[in-house]
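Structural features, examined
The lines below spell out each chain.
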Amino acid sequence: MKNYELLPRIVENKDWITLIFIFAIALVTITKAVFEKRFNDFVNLLFNNKYIKIYKDPSNLMTWFTVLLFFVQMISFAFFIQLVLSYFGYTTKTNWITYIQITTFLAFFVLSKYLIEKIIATSFDTETFIEQFNLFKVSYRTYMGLLLLPVNMILYYTNFMNEYVILSVLIAILIINLVTYLMSLRNYQKLLFGKLFYFILYICALEIAPYFFMYYFITKQ
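Residues numbered from 1 in each chain as written. Predicted model: local features only at pLDDT ≥ 70, side-chain atom pairs only at ≥ 80, totals over all residues. Heavy atoms only, no water.

1. Regarding the overall build of the chain
Inclusion rule: A helix here means a DSSP run of H or I that spans at least four residues, while a strand means a run of E at least two residues long, and both kinds are numbered starting from the N terminus. Think of it in three bands: with a 1.4 Å probe and only protein chains considered, a residue is buried below 20% of the maximum accessible area for its type, exposed above 50%, and partly exposed in between. Contact between two residues is taken to exist if any of their heavy atoms lie within 4.5 Å; hydrogens are not considered.
Summing up its helical and strand segments, the chain has nine helices and zero strands in all. Each helix (α) and strand (β) of the chain, taken in turn from the N terminus, gives the series α-α-α-α-α-α-α-α-α. Residue burial in the chain is summarised as follows: out of 221 residues, 38% are buried. Look at the contacts in the chain between residues 6 or more apart in sequence, and 77% of them connect residues 24 or more apart.

2. Observations concerning the nonpolar core
Threshold: What makes a nonpolar core is a set of buried Ala, Val, Leu, Ile, Met, Phe, Trp, Tyr and Cys residues whose side-chain atoms join them at distances within 4.5 Å.
If you look at the biggest cluster of nonpolar residues, it comprises 42 residues, and the most contacted ones within it are F42 and F79. Mapped onto this core, the elements with two or more residues apiece are α1 (15–34), α2 (36–42), α3 (50–54), α4 (64–87), α5 (96–123), α6 (127–157) and α7 (163–187). If sequence neighbours within four positions are ignored, F42 has contacts with Y51, F65, L69, S139, T142, Y143 and L146. In terms of nonpolar packing, the next biggest core, distinct from the first, is built from five residues, A121, I130, F133 and Y181 among them.

3. Considering the confidence of the model for the chain
For clarity, the threshold we go by: What pLDDT reports is the predictor's confidence in each residue, on a scale of 0 through 100.
Looking at the chain as a whole, its pLDDT mean stands at 79, while 75% of the residues score no less than 70. For the chain, per-element mean pLDDT is lowest for helix α8 (residues 189–193), which scores 63, and highest for α1, which scores 92. Scored below 50 in pLDDT, residues 6–11 makes zero contacts in the model with residues more than four places away or belonging to other chains.

4. Description of the packing of aromatic side chains
Put simply, the rule is: Ring geometry is summarised as follows: Phe, Tyr and Trp rings, the Trp one being its six-membered ring, pair when their centres sit within 6.5 Å, and such pairs are stacked at plane angles under 30 degrees, edge-to-face over 60 and tilted between the two.
The tally for this structure, following the rule as stated, stands at 15 aromatic pairs. Here the aromatic rings of F105 and F109 are separated by 6.3 Å at their centres, their planes lie at 20°, and the arrangement is stacked. In this pair, F105 and F109 both sit in helix α5, four residues apart, roughly one turn of the helix. By relative accessible area, F105 is classed as partly exposed at 36%. Here a set of aromatic residues connected by ring pairs shows up, and it is made of W16, F21, F79, Y99, Y156 and Y157.

See below:
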């Protein structure tokens, strides 16, 4: 007589990914509909600096336009990280628990870094420059998040994920960050002239060190 052992079949729910993509597209659509002129200027950010000139006031950092697209940015970057981790075998691309953990970590990292920057800027009397610099960073990184959204969709629903794609995205992020710093130096050189030491300290302490420690922590884990 044969003995049969019944094993539970665990099937990961994949519907949440489609819902996440729909939610992100809905946020972009709502943003475009409510802030049509600003959105049209924003999508041309890589081709001209009209958007930066018009919306350079630091108060634009906390508007609904920025907040809505911030959520899209978090969704895009978190899912791309999940795709990279799944490619190297650390998780699966349909593991929603991992996605929540990545999103929570990213949001905590970004918001904590922003609050620390505010405290340091107030202490060293560089608040005006830091706020404008943050607006620069948010604008370009949000743009990258928008570009990354369709890339995530293609990579999820196809088998195009490979080392070259990962490297290309990382290089694009590095280039955007470099452009942000160079444009900030050019546009705010008068402000930086008297506070160059603090700016160098800021770059080392808050723009290089956090990413180094994050990389160290992830690789060790």
